[in-house]
Amino acid sequence: MSPSVHGGRAKCLQRLVRLDMPVPTTVALSFDAVRDIARGQMPDMDELIAPFGGAPLLSVRPSSQDPDWGGPSAILNIGMNDERHAALCAEIGEEAATAIYLRFIQSYAVQVARLDPEPFYLPDTPTLESVRVMLDAFEYETDEVFPQDPVQQLGEVLRSMARAWDGTTARLLRQAKGAPIDAGLGLVVQRIALGVGQGTSGSGVIQFVDEVTGERRIKGRYLSQSQGREALSAAKGALYLVQDGRGPSVEEELPELFAELVRFGELVRVRLREEMQIEFTIENGKLHILDGVRVQRSNRASVRIAVALAEDGIIPTDEAVMRVDPAVLSELLHRQVAPMTERDRIVRGIAASPGAAVGRIVFSANDAQASAARSEPCILVRRETTPEDIRGMHAANAVLTVRGGITSHAAVIGRGLGLPCVVGASDLVIDKKRRVMIAPDGREFAEGEVITVDGSSGDVLAGTATLEEPALDNAFQTLLKWADEYRDIGVRANADTPADAQTARNFLAQGIGLCRTEHMFFEGDRLGVMREMIFAHTSEDRRAVLERLLPMQRGDFIELFEIMQGKPVCIRLFDPPLHEFLPADKSGHRELAEQLSLPLSEVNARVEALSEYNPMLGMRGVRLGLTYPEIYDMQARAIFEATVEASRSGDPVVPEIMIPLVSAMREVELVKSRIDAVAGHVRAETGTNFTYRYGVMVETPRAALRAEDIVQYAAFLSFGTNDLTQMTYGLSRDDAGRFMSSYVNAHVYAEDPFHTLDIEGVGELLKIGAERGRLGRRDVVLSICGEHGGSRSAIDFCRRQGFDYVSCSPFRVPSARLSAAQLAISDARRNSMR
Ligand code: PEP
Ligand code: MG
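Quick caveat, the model's predicted, so the values are computed rather than measured. (Residues numbered from 1 in each chain as written. Chains lettered and ligands numbered in written order. Predicted model: local features only at pLDDT ≥ 70, side-chain atom pairs only at ≥ 80, totals over all residues. Heavy atoms only, no water.)

(A) Looking closely at the side chain of serine 718. Along the polypeptide, serine 718 turns up in strand 28 (residues 716–719). Discounting residues that sit within four places of it in the chain, serine 718 has contacts with Met658, Val696, Met697, Val698, Ser783, Ile784 and Cys785. (Helix = DSSP H or I, 4+ residues; strand = E, 2+ residues; numbered from the N terminus. Contact = heavy atoms within 4.5 Å.)

(B) Structural detail: the packing of helix 32 (residues 792–800) against helix 33 (residues 813–833). Relative orientation of the contacting elements helix 32 and helix 33 amounts to 55°, with a least axis distance of 9 Å. When the axes of helix 32 and helix 33 are compared, the pair comes out oblique. Judged by the twist between their axes, the crossing of helix 32 over helix 33 is right-handed. Between helix 32 and helix 33, the residues in contact are Arg792, Ile795, Asp796, Arg799 and Arg800 and Ala816, Ser819, Ala820, Gln822, Leu823, Ala824, Asp827 and Arg830, respectively. Of the residues assigned to the contact of helix 32 with helix 33, the class counts are 5 nonpolar, 2 polar and 6 charged. (Axes fitted to C-alpha atoms, helices over the stretch in contact; angles between N-to-C directions. Parallel < 35°, antiparallel > 145°, perpendicular 65-115°, else oblique. Left-handed = near helix turned anticlockwise from the far one by under 90°. Nonpolar A, V, L, I, M, F, W, Y, C, P; charged D, E, K, R; others polar.)

(C) Seen up close, the packing of aromatic side chains. Taken as a whole, this structure holds 16 aromatic pairs when the rule is applied. The interplanar angle of 85° and the centroid separation of 5.9 Å between the aromatic rings of phenylalanine 104 and phenylalanine 146 together place this pair among those described as edge-to-face. Residue phenylalanine 104 is found in helix 5 (residues 94–112), and its partner phenylalanine 146 is found in the loop between helix 6 (128–142) and helix 7 (150–166); the two are separated by 42 residues along the sequence. Each member of the pair, phenylalanine 104 as well as phenylalanine 146, is classed as buried. Seen in terms of ring centroids, phenylalanine 521 and phenylalanine 574 are 5.3 Å apart; in terms of plane orientation they differ by 90°. Their pairing is edge-to-face. Placement of the pair is phenylalanine 521 in the loop between strand 24 (512–516) and helix 20 (526–535) and phenylalanine 574 in the loop between strand 25 (569–572) and helix 22 (586–596), with a sequence separation of 53 residues. A residue is classified by how much of its surface remains accessible, and phenylalanine 521, at 2% relative accessible area, is buried. (Phe/Tyr/Trp six-rings, centres within 6.5 Å; stacked < 30°, edge-to-face > 60°. Buried < 20%, exposed > 50% of the residue type's maximum accessible area, 1.4 Å probe, protein only.)

(D) Structural view of the nonpolar core. The biggest cluster of nonpolar side chains holds 148 residues, and the ones touching the most others in it are Phe640, Ile675 and Leu717. Look past the residues within four positions of isoleucine 675 in its chain and what remains in contact with it is Leu573, Ala636, Phe640, Ile657, Ile659, Tyr692 and Tyr694. Ranked by size, the runner-up nonpolar core spans 51 residues in total, among them Leu48, Trp69, Val157 and Trp165. (Core = buried A, V, L, I, M, F, W, Y, C linked by side-chain atoms within 4.5 Å.)

(E) A look at helix 5. Between its first and last C-alpha, helix 5 extends 26 Å over 19 residues, near the 27 Å set by a 1.5 Å rise per residue. Of all the 19 residues making up helix 5, 14 are buried; the element is thus mostly covered by neighbouring parts of the structure. Arginine 114, located one to two residues past helix 5, shows a positive phi value of around 55°. (Expected span 1.5 Å × (residues − 1).)

(F) Spotlight on the sheet that holds strand 16 (residues 421–423). Within the open sheet, the 8 strands sit side by side as 11-21-20-13-14-15-16-12. Their pairing is mixed. Here the strands that pair on one side only, and so sit at the sheet edges, are strand 11 (345–348) and strand 12 (350–353). When strand polarity is set aside, the average angle formed by the axes of neighbouring strands in this sheet is 30°. As defined by bridge partners, strand 14 (residues 378–382) adjoins strand 15 (residues 398–401) across 4 bridges and the pair is classed as parallel. By the bridge assignment for strand 15, arginine 382 is matched with threonine 401. Each of strand 13 (356–362) and strand 14 is contacted by helix 15 (residues 365–373), which is oriented at about 180° to strand 14, the strand it contacts most. (Pairing = 2+ DSSP bridges.)

(G) Quick look at the coordination of the magnesium ion (ligand 2). With distances of 1.9 to 2.0 Å, the protein atoms coordinating the magnesium ion (ligand 2) are Glu699 (OE) and Asp723 (OD). Note that glutamate 699 is positioned in the loop between strand 27 (693–698) and helix 27 (701–705) and aspartate 723 in helix 29 (residues 721–729), a separation of 24 residues in sequence. Each member of the pair glutamate 699 and aspartate 723 is classed as buried. (Donors = N, O, S within 2.8 Å, 3.2 Å for Na, K, Ca; no water.)

(H) Seen up close, the site of ligand 1. Close to ligand 1 lie 13 residues, the nearest being Arg516, Glu699, Gly720, Asn722 and Arg733. In the environment of ligand 1, an oxygen atom lies 2.7 Å from a nitrogen or oxygen atom belonging to the side chain of arginine 733. Bound to the protein, ligand 1 loses 96% of the 290 Å² it would expose on its own. Of all elements in the fold, only strand 24 and helix 29 reach the threshold of two or more residues within the shell around ligand 1. It is helix 29 that provides the largest number of residues to the shell around ligand 1, a total of 3 residues. Classifying every residue of the shell around ligand 1 gives 3 nonpolar, 4 polar and 6 charged. (Near = heavy atom within 4 Å. Polar contact = N/O pair within 3.5 Å; in protein donor to acceptor, adjacent residues only side chain to side chain. Areas by Shrake-Rupley, 256 points an atom, 1.4 Å probe, with all protein chains shown as cover.)

(I) Just the packing of helix 4 (residues 82–92) against helix 5, in detail. The interhelical angle for the contact between helix 4 and helix 5, taken along N-to-C directions, is 150°, at an axis separation of 7 Å. Taken as a pair, helix 4 and helix 5 cross one another with a handedness that is right-handed. Contact residues: Asp82, His85, Leu88, Cys89 and Ile92 in helix 4; Glu94, Ala96, Ala97, Thr98, Ile100 and Tyr101 in helix 5. In terms of residue class, the contact of helix 4 with helix 5 is made up of 7 nonpolar, 2 polar and 2 charged.

Structure follows, in C-alpha cells:
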C-alpha cells in the first residue's frame, strides 16, 4: 500500500496494523477504485463487506495523498437501522444507542442525501420520539424511507464521498494547498469500535506533543461512557487524560490502559518517524486504535518537532532540514498576529515585509519620530515613502503605503529593518488635510487611532490584534546549523547600517553582499551636508563639502568591518539620483533655502534643473559617479582609510567595491582608474599596504550582454535583479504595484516579477551574463543581490548556474540558508537514486 495509491491515512493504518496495534478490521479503497465509484462503477459490495463479519457498524474516512489536501468528512456508524438500534438499546442503554442512531441519520441526511440540515439538528436529549421525527423528515424530503439495508447505506456513502472529492470547491481548495490537478482520493472503511458498553468504555484522542510550542507533553481528551447514561448526564463522562489536579484522569483511573496508550504513542513516533495524534476507543476494557494523523502544528512547533526527532535519532538531520518550510523561519523572526485572532480588516495590500505590529496612525516621518520620542508605538501611513522618510521608518513600528510594489522604497527598507510593511494598499485613500485614512468600506481612521499591520498577510486591521512573540530558540539555531552542513551556495546579507550588519552576523550571514551606501547619507545631520554638496557650483566646492562627510563615512565602514570580523563586505558606491535628497514640496524648499542661506529662487532653480522625466533611467549610479567624480573619490577614500584602521586590530580587511548601474565597459575602466589612484594615495599617506576587490553590479540588460568585456576590469559581478527586472520588462518598480495584481490575476504574468525571479526572461539575462562573464574571466565571482536573492526559486536558479553566493535582507538569511540546504539535499537524493 502506498500513499500515492491508497492515500496517507490508509498507509498509516497499515503501518499501525503491522506494529501489532489493535486496529479494528479495515479495508482500503484505492484512488482508482474511488474514481470508478464516482463514475458509477461500484465495487463488489459483498466482497467489500465480507471481512467485517455479520452486522458490523462501519465508518468511512477519506485518505488523500497528503492529509493537508483535505477530503470529505468521515461518516460513522454506517449500518445503524431500526433493528440495530433496538439491539443496541438492550446492550448499552436506550439513550446511548439513540444518540448513535440520531447522529448517523443526521450525517447521512446532510452529507449523503445532501438535505437541508435544519430538520436534522440533534436534540439535547436523544429520545425515541426524536428518532421518529428525523426519519419522517428524511422521508418527507426525499419521498423515500430512510434506507435500512447496511449495504445500500455503505454504497451511498461511498458514492457521495467519491463525488464530493470531484466538486469544484473541493478541487480549488486542495489545489490552493499544492495538490496536483489529478490528485486522487482513497477511502478507508473500518469496523466501528463504539467505545460504549457496560464495562470500561469511552473514546478519545491523545498526542504527545504540544502543537503550539512543540514541547513534548501528553495532550488530548477522553470521554468515558462506562456507566452509560448516568455518567453521561452526571459528569458528561469527561475524564482528563493526565493527572493535573483538575479532576479524575485516565492516568489515575485506568493506569494500565493509559500506559498502553503511551507505549503505542512512543512506538508510533519512532516507527512512523512523526508526531501523531492517535484516535482510540475503549470498549468494555479493551483498547482499539482507530486512526493516527500527523499532529497539526504551529510554525514554531514544526521546527522544534523536526529537531527533536533528529536529536532523538528517529530521523537523520537532513530529513529534519527537509521537514521545515523555509517561509516558517522568516515568520519566526518576527511578531505575528496570533492565528485565532478575529480580523477586522480595513484593507489588504501587498505583504512586503513579514511580521506584525500595533500602533497609532501617523501620516508623516516627523510625527513618527515624535511618537517614538514619547515611546508611543506608531504606524507610518504614507502614499509612498521616499529616502526622506527613512528616519520616520526607523521610528515607526510598521509602515503602510498606498502605492508601490515589492521592491518599492518602503518594501526594501522595511525588509532591511525587519519592519512589518504593507505596500500597494491602493483601495485606501489618505485625506492629508483632514488627517484621516478612508477604508474601501467608507470607514475613516484618524491620526492617533490604533491599527495593526500584518506584513505577513498584507492585512491592515482595525484596533489591537493579539500578537505572538518571535521564537529564536535553540531548535531554530540547531536546524540552521544542520542546514549549513548541507548547503553548497553562500548566503550573504544586504546590510546598509551597523544595525543591519549586526543582524546579518546574528543570522550567520557569510558576509555583506550589498551595502547601499546612500542610506548612510540620510543618517543624522548628513542630509544637510549632502544638500550643500548638491548646491555646490564647482568641483572644488563639492570636494570641500564632501570632506565633511568623509569622517562620517569612514566611521560607518570601520564599524561595518569590525562587526563583520573579517567576513567580506561588498560596498556599493552611491546610486540614487540626487533629487531624492531634496525635499519634494514647497514648504520643504523654503526650509532648505533658509538652511542654506540661499534665495528661494535659487533652490527652486536647482530642484528644477535636477528634475528628470525618468529619474530611474537618468543620472544615477555610475553615470552620476562619472559626472561628479568627487563623490566616488570621497567614498573610496573613506573605504580605504577604514580598511587601514580596521586592519590594525585584526586580520587584514579586503574590501569589495561595487559600481552600480553599469552599461558600458568604459564606465568600469574610468571609475577603476580613479579608485586605484585614491588607493595609491591612501597607501602612501598611511604607509600601509592593502588590497581591494573591484566589481560591477549587473543591473542593465546591456551589462549582462557585455559581461565578457566588463569583467576585464571586474573581479566579481553581482546581479541586481531589481533594476534588471525593471529594465528587462520596461516596468517601473515603483509604479507597477498599481496594476500588478490585476495582471497576475489575469495570468498575464504568472507572478509579480519583482517578487519571484522571472527565470524565463530575466533569468536568461543572468545566464548569458554569467556565461559571458566566465568567458572573459574564468574565476569571476558571481552573485545575486536583488530582493529575489532570498527566494527559493532564485536560489535554485543560482545554484544551477554555479553562482558563488546569494545576498538578501538580513531577516531572510535564515530562510535562504534553509532553502539552499533543502535544494542541495534534494539534488543529492535525486543523484543517489540514479
Ligand atoms: C537591484 O537593483 O537589484 C539592487 C540590488 O539595487 P537597488 O535595489 O538598490 O536599486
Ligand atoms: Mg539597483
